[in-house]
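Observations on chain architecture
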Amino acid sequence: MTSATEFAPAKINLALHVTGQQANGYHVLDSLVVFADVGDVLSVLPTAQTSLTVGGPFAEGVPEDDGNLVWKALDRAGVTAKISLTKNLPHGAGIGGGSSDAAAILRVIKRPDLALDLGADVPVCLGSAPQRMQGIGDILTAVPDFPAFWLVLVNPGAHVPTVDVFNALSSKHNSEMDAMPEDGDWLGWLAAQRNDLQEPACTYAPVVAEALMALGDASLTRMSGSGSTCFGVYPDQSSARAAQARISAAYPDWWVVATQTYGAVVS
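Residues numbered from 1 in each chain as written. Predicted model: local features only at pLDDT ≥ 70, side-chain atom pairs only at ≥ 80, totals over all residues. Heavy atoms only, no water.

Notes on the overall build of the protein
- Assigned secondary structure in the protein consists of nine helices and 10 strands.
- Taking 267 residues into account, the globule formula puts the C-alpha radius of gyration at 18 Å, and the protein, at 18 Å, falls close to it.
- Taken along its principal axes, the extent of the C-alpha atoms in the protein is 50 × 45 × 35 Å.
- Of all 267 residues assigned to the protein, the portion counted as buried reaches 51%.
- Contacts spanning at least 24 positions in sequence make up 72% of the contacts within the protein whose residues lie at least 6 apart.
- Approximately 11,300 Å² of the protein is accessible, and the part contributed by carbon and sulfur atoms is 52%. (Helix = DSSP H or I, 4+ residues; strand = E, 2+ residues; numbered from the N terminus. Rg over C-alpha atoms; globule rule 2.2 N^0.38 Å. Buried < 20%, exposed > 50% of the residue type's maximum accessible area, 1.4 Å probe, protein only. Contact = heavy atoms within 4.5 Å. Areas by Shrake-Rupley, 256 points an atom, 1.4 Å probe, with all protein chains shown as cover.)

In structure tokens:
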């Protein structure tokens, strides 16, 4: 392993259907996942002993020991390194911050085989292209014709525990996503999908519903993952930047970012 700097992009669940639950408690999902051009940054330096320092706007509360997935990934691989992690993404926010960080270090040390053992979202975070994620995160299918989208991400600062949100879900056996569109109308297709965890998250933390309302001028609004980050889809950069400015002015304590997702087709 050589010294490296690796970007860990935000993971956005544009749709998330909960389709079952295994006997061991793991939930079965069907989700369309994309990645944005905002994220954390890891600097990696080979050393004789592992160390981890965390800085950046969301460093507070992030473990700097073996409680961090990055450290766990190194341990599982039998590799030691000095890691400097810049947390630009709020953690526990439904946008895969910790999972994306773990996937980033696995890319650096070339051990993608350890991904699923570290968490259900880690395998999908190994790549930055749009993917359909099924099963318990172990079935991944590329979506090669999905376009890039302009999004505004809004996190109102609420902590929404994933376990509590899943437990509050009234039905664990819901329909899969519809067949992918053949006419290229991805926005129309997305509007017909859903996030099954959005309603229980809004019940647990009503501010999530407030965040969705703040994105009301978007073409589509939805919560990502198990929350509490919400997103709005906008037609272009200027409208996304305008929405970012408007929401930031109205809610100065919220994390609000205009960003473009990676896609196979740039819109």
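Okay, back to it.
Examining the packing of aromatic side chains
- Enumeration over the complete set of coordinates arrives at five aromatic pairs.
- Seen from their ring centres, F58 and W255 are 6.3 Å apart, and the 90 degrees between their planes marks the pair as edge-to-face. Residue F58 is located in the loop between β3 (51–55) and α1 (69–77), and its partner W255 is located in strand β10 (residues 255–260); the two are separated by 197 residues in the primary sequence.
- For W255, a relative accessible area of 12% gives the class buried.
- Between F146 and W186, the ring centres sit 4.8 Å apart and the planes meet at 70 degrees, which makes this aromatic pair edge-to-face. In this pair, F146 is assigned in the loop between β6 (139–142) and β7 (150–155) and W186 in helix α6 (residues 186–191), connecting sequence segments 40 residues apart.
- For F146, a relative accessible area of 0% puts it in the buried group.
- Residue class for W186 comes out buried when judged on its relative accessible area of 4%. (Phe/Tyr/Trp six-rings, centres within 6.5 Å; stacked < 30°, edge-to-face > 60°.)

Points about the sheet that holds β10
- Spatially, four strands are ordered β8-β9-β7-β10 in an open sheet, and the strand pairing comes out antiparallel. On the outer flanks of this sheet lie β8 (220–223) and β10, each paired with one strand and no other. Within the sheet, the average angular offset between the axes of one strand and its neighbour, ignoring direction, is 20 degrees.
- Here four bridges tie β8 to strand β9 (residues 230–234), and the two strands are oriented antiparallel to one another. Its bridge partner being in β9, M223 is matched across the sheet by C230.
- On top of the sheet, helix α9 (residues 237–250) reaches β7, β9 and β10; it is set at about 15 degrees to β7, its chief contact. (Pairing = 2+ DSSP bridges. Axes fitted to C-alpha atoms, helices over the stretch in contact; angles between N-to-C directions.)

Topic: the pairing of β7
- Of all the six residues making up β7, six are buried; the element is thus mostly covered by neighbouring parts of the structure.
- The alternating pattern of β7 places W150, V152 and V154 and L151, L153 and N155 on opposite faces, both of which are buried.
- When β7 meets β9, the two strands line up antiparallel, connected through five bridges. Looking across to β9, one finds that L153 is bridged to F231.
- Pairing geometry for β7 and β10, over six bridges, is antiparallel. Residue pairing in the sheet places V154 in a bridge with V256 of β10.

As for the layout of surface pockets
- Volume-wise, the largest pocket comes out at about 1,100 Å³.
- Together, 42 residues line the largest pocket, and S99, A120, D121, T162 and S226 are the ones closest to its centre.
- Among the elements of the structure, β1 (4–21), β2 (27–46), α2 (97–109), α3 (115–118) and α5 (162–168) are those that each provide at least two residues to the lining of the largest pocket.
- When its residues are assigned to classes, the lining of the largest pocket shows 19 nonpolar, 19 polar and four charged. (1 Å grid on protein atoms, 1.4 Å probe; cavity = no way out; pocket = protein on both sides within 12 Å on 5 of 7 lines; lining within 4 Å. Points joined across faces, edges and corners; volume = space filled by probe spheres on them. Nonpolar A, V, L, I, M, F, W, Y, C, P; charged D, E, K, R; others polar.)

Observations concerning the environment of D66
- Structurally, D66 can be placed in the loop between β3 and α1.
- What D66 contacts, discounting residues up to four positions off in sequence, is W71, K72 and D75.

Remarks on α9
- With 14 residues, α9 should cover 20 Å at 1.5 Å per step; its first-to-last C-alpha distance of 20 Å lies within 8% of that length.
- In this structure, the buried side of α9 is in contact with β7, α8 (207–214), β9 and β10. (Expected span 1.5 Å × (residues − 1).)

Some words on the nonpolar core
- Judged by nonpolar contacts, the single largest core of 61 residues is most densely connected at I83, I105 and V152.
- Those residues in contact with I83 that lie beyond four places of it in its chain are L42, S43, V44, S51, L52, T53, V70, L74 and I105.
- In terms of nonpolar packing, the next biggest core, distinct from the first, is built from 25 residues, A36, V38, L89 and A93 among them. (Core = buried A, V, L, I, M, F, W, Y, C linked by side-chain atoms within 4.5 Å.)

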